[in-house]
Amino acid sequence: MFDSHLADKFGGLIETGSYRYDPRDYHGPALAWLTLAPARAMNAHRYVELTETTLRIVPALCGVLLAMMPLLLADGIGRWQAVAAGALTAISPAMVYYSRDYIPEMLLTMLTCATIVSGYRYARSGKALWAIAAGTSAGLMFAAKETAAIAIGCMLVALAVTVRRRPHRVWHCAAALAIAVLIPLALLGFADTWRAAIDYSQRAFRASGHRHPWNYYLSLLTWRHDGGGPIWSEGLIVALAIVGVIPAIARGSSDARLLRFLAVYAGAITLAYSLIPYKTPWCMLGPLGAMILLAGAGAVGLLEALRGSLRVAVACVLLVGGLHLGFQAWRTSFPFSSDPRNPYAYAQTGRDVYAARDSIEKLARNHPQGNDMLIQVIGAENLWPLPWYLRTFPHVQWWRRLGPGFHPADVILLTPDMEAALIHEIYEVPPPGKRELYRPLLDRYVELRPELELRGCVRASLSAP
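Residues numbered from 1 in each chain as written. Predicted model: local features only at pLDDT ≥ 70, side-chain atom pairs only at ≥ 80, totals over all residues. Heavy atoms only, no water.

Colleague: What should I look at first to understand the overall build of the protein in this one?
Modeller: A count of helices and strands for the protein gives 19 helices and 6 strands. Across its three principal axes, the protein shows a C-alpha extent of roughly 90 × 55 × 40 Å. A total of 465 residues make up the protein; the buried ones form 51% of that total. Considering only contacts within the protein whose residues lie at least 6 apart along the sequence, 69% involve residues at least 24 apart. About 22000 Å² of surface is accessible on the protein, with carbon and sulfur atoms providing 63% of the total. Computed over 43 positive and 33 negative side-chain charges, the separation of the two mean positions in the protein equals 12 Å. (Helix = DSSP H or I, 4+ residues; strand = E, 2+ residues; numbered from the N terminus. Buried < 20%, exposed > 50% of the residue type's maximum accessible area, 1.4 Å probe, protein only. Contact = heavy atoms within 4.5 Å. Areas by Shrake-Rupley, 256 points an atom, 1.4 Å probe, with all protein chains shown as cover. Lys, Arg positive; Asp, Glu negative; His and termini not counted. Charge placed at Lys NZ, Arg CZ, Asp CG, Glu CD.)

Colleague: Could you clarify how one ought to interpret helix H15 (residues 285-305) in this entry?
Modeller: One turn of an α-helix holds 3.6 residues; hence residues three or four places apart share an orientation. With 21 residues, H15 extends 29 Å from end C-alpha to end C-alpha; this agrees with the ideal 30 Å at 1.5 Å per step. Of all 21 residues in H15, 16 are buried, a share of seventy percent or more. (Expected span 1.5 Å × (residues − 1).)

Colleague: Would you mind going over the environment of Asp417 with me for this structure?
Modeller: Residue position: Asp417 is located in the loop between strand S3 (411-414) and helix H19 (419-427). Along the sequence, Asp417 and Gly298 sit 119 residues apart, while their C-alpha atoms lie 54 Å from each other. Within the structure, the side chain of Asp417 is placed 2.6 Å from the side chain of Thr415, a separation counted as a polar contact. (Polar contact = N/O pair within 3.5 Å; in protein donor to acceptor, adjacent residues only side chain to side chain.)

Colleague: Help me understand a nonpolar patch on the surface, please; the structure alone is not making it clear to me.
Modeller: A cluster of nonpolar side chains, contributed by Leu177, Val181, Leu182, Leu185, Phe190, Trp194 and Ile198, occupies part of the molecular surface with about 730 Å² of accessible area. Counting only elements with at least two residues in the nonpolar patch, the list comes to helix H10 (170-188) and helix H11 (190-205). Among the elements that make up the nonpolar patch, the one with the highest residue count is H10 (4 residues). Position of Ile198 relative to the elements: it lies in helix H11. Taking relative accessible area as the criterion, Ile198 reaches 36% and is therefore assigned partly exposed. (Patch = residues over 30% accessible without salt bridge, like charges linked within 9 Å, V, L, I, M, F, W, Y side chains within 5 Å. Salt bridge = Lys/Arg side-chain N within 4 Å of Asp/Glu carboxyl O.)

Colleague: What exactly am I supposed to notice about the nonpolar core here?
Modeller: Most often, soluble globular proteins have nonpolar side chains that are buried together. The biggest cluster of nonpolar side chains holds 115 residues, and the ones touching the most others in it are Phe10, Tyr265, Ile360 and Leu386. Leave out the neighbours within four places in its chain, and Ile360 touches Met373, Ile375, Leu390, Phe393, Val411, Leu413 and Leu441. In this structure, Trp399, Ile412, Met418 and Tyr438 belong to the second largest nonpolar core, which totals 11 residues. (Core = buried A, V, L, I, M, F, W, Y, C linked by side-chain atoms within 4.5 Å.)

Colleague: It is not clear to me how the side chain of Gln328 should be interpreted in this structure. Could you clarify?
Modeller: With respect to the helices and strands, Gln328 occurs in helix H16 (residues 308-333). Residue classification places Gln328 among the buried residues on the basis of a relative accessible area of 2%. Those residues within four positions of Gln328 in sequence are excluded, and the remaining contacts are Pro93, Ile231, Trp232 and Ser233.

Colleague: Which parts of the structure should I look at to understand the packing of aromatic side chains?
Modeller: How two aromatic rings sit relative to each other is given by the distance of their centres and the angle of their planes. All chains considered together, the criterion is met by 13 aromatic pairs. Measuring from centroid to centroid gives 5.1 Å for Tyr97 and Tyr98, while their planes differ by 90°, and the two rings are edge-to-face. Clustering of aromatic rings is evident, with ring pairs tying together Tyr97, Tyr98, Trp282, Tyr344 and Tyr346. Above the plane of the ring of Tyr200 lies Arg203, whose end atom (NZ or CZ) is 4.7 Å from the centre. (Phe/Tyr/Trp six-rings, centres within 6.5 Å; stacked < 30°, edge-to-face > 60°. Lys NZ or Arg CZ within 6 Å of the ring centre and 35° of its normal.)

Colleague: Whenever I open this one, the side chain of Asp339 confuses me. Can you help?
Modeller: With respect to the helices and strands, the residue Asp339 is situated in the loop between H16 and helix H17 (352-365). If sequence neighbours within four positions are ignored, Asp339 has contacts with Ala345 and Gln348.

Colleague: What is the right way to look at the pattern of salt bridges in this model?
Modeller: Pairing of side chains with opposite charge becomes possible as their charged atoms draw close. Going through the model one piece at a time under the given rule, you end up with 14 salt bridges. A salt bridge links Arg121 to Asp75, with the nearest nitrogen and oxygen atoms 2.8 Å apart. Remark: Asp75 occurs in helix H4 (residues 74-77) and Arg121 occurs in helix H7 (residues 105-125); sequence separation between them is 46 residues. Taking relative accessible area as the criterion, Arg121 reaches 18% and is therefore assigned buried. For Asp75, a relative accessible area of 39% translates into the label partly exposed. Among the salt bridges present, the one from Arg341 reaches Asp339, with a minimum N-O distance of 2.9 Å.

Colleague: Is there a simple way to explain the environment of Leu188 in this structure?
Modeller: Assignment of secondary structure puts Leu188 in helix H10. For Leu188, a relative accessible area of 8% corresponds to the buried category. When the C-alpha atoms of Leu188 and Tyr278 are compared, they prove to be 24 Å apart, with 90 residues separating the residues in sequence. Leaving out residues up to four positions away in the same chain, Leu188 has contacts with Tyr21, Gly28, Pro29, Phe142 and Thr193.

From the geometry alone we can't say anything about function, so treat these as descriptive.
What follows is the structure, encoded as structure tokens:
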């Protein structure tokens, strides 16, 4: 539950002071630049000094801010409705899980909510500051992740359907639009912005990997059970969001504008993400964030519509459902954080990687060269996140296949398909009398990722770890 690719990318920023944007991968620089603050505060100035805790601070703070933002919509959806939406955000298993993951999704979701909040506050007050805040949030959305275009497009659709009033000042909106456009252009550059738009559009609709059916996100939220494990569901939020559409339709025009906007926006963004073949579980945070705002209105509206014992019964059901969501949030984030049965864990690193790292670190303490010892990693597969977990060892060789020029090091990590070739290199290539014995480094085979096994061996003459 930790994207070491992005951690490695941030390592380059903290070492060199510059971030090279890749329009084909890794997304925008916003997450990396924001991570500089906690890194400096924790006295991390080099890649090897970074920790997972340092990198997780920004996503965690984004999750906290996201849970608080509905309070700024209280005069539009209702005070208790806003409180309920904040509470549902705080206990949503997906929101909690990805608030611990170093990916830009929580930053994007928070900035999306900030754009909606700022736009609404501007509509209420007519103050230029809120228009500028909306433009800044929208611009930073693109600097966080290119899929911001989907959310922005759905907001425009919702505005077109639900808003009839002209803006307070045309120049306010012009300034907001200019800021929203200039921020990504300044941070990413025009050429890279254009290439990113083309590349991500092609990836979305011509997905060769991560291709899932249209109902993938809805099935993740409503019901997930892969046999032999727990049942996962955020169906309560989905159901309450549907209920939340009722007051958006039933209320008079003056006090339901925001709810109608949220209803159209939630429907549009859910439809958009469902129609795109390329799907990963964290992408559903956009639709889920919109659903939660409606669900807060649905929960309170439902209780207000009932009386007597029926209201008490429904309140108890909602309380039990909330406790169950909180329990699932704890389960997904801790005991099942990297378990394949967790619906939010996707091509995740297994906990076994810590066993491999700890064994090598213990061996290094007894090695004459310490962390400067040579380590070889052999495998044709993508072996991330090993570069992150081996970042304190400056001499690591990466081999995709063995042949001329290969000389076995003291410590070797490899995938099972490379074992026969390594045995040949160790015990058949050297002449008699020059062959050294190797023993297993790990007391068991470990899984780096689901269905990707990792093995290790160490020169037998070295002290056992």
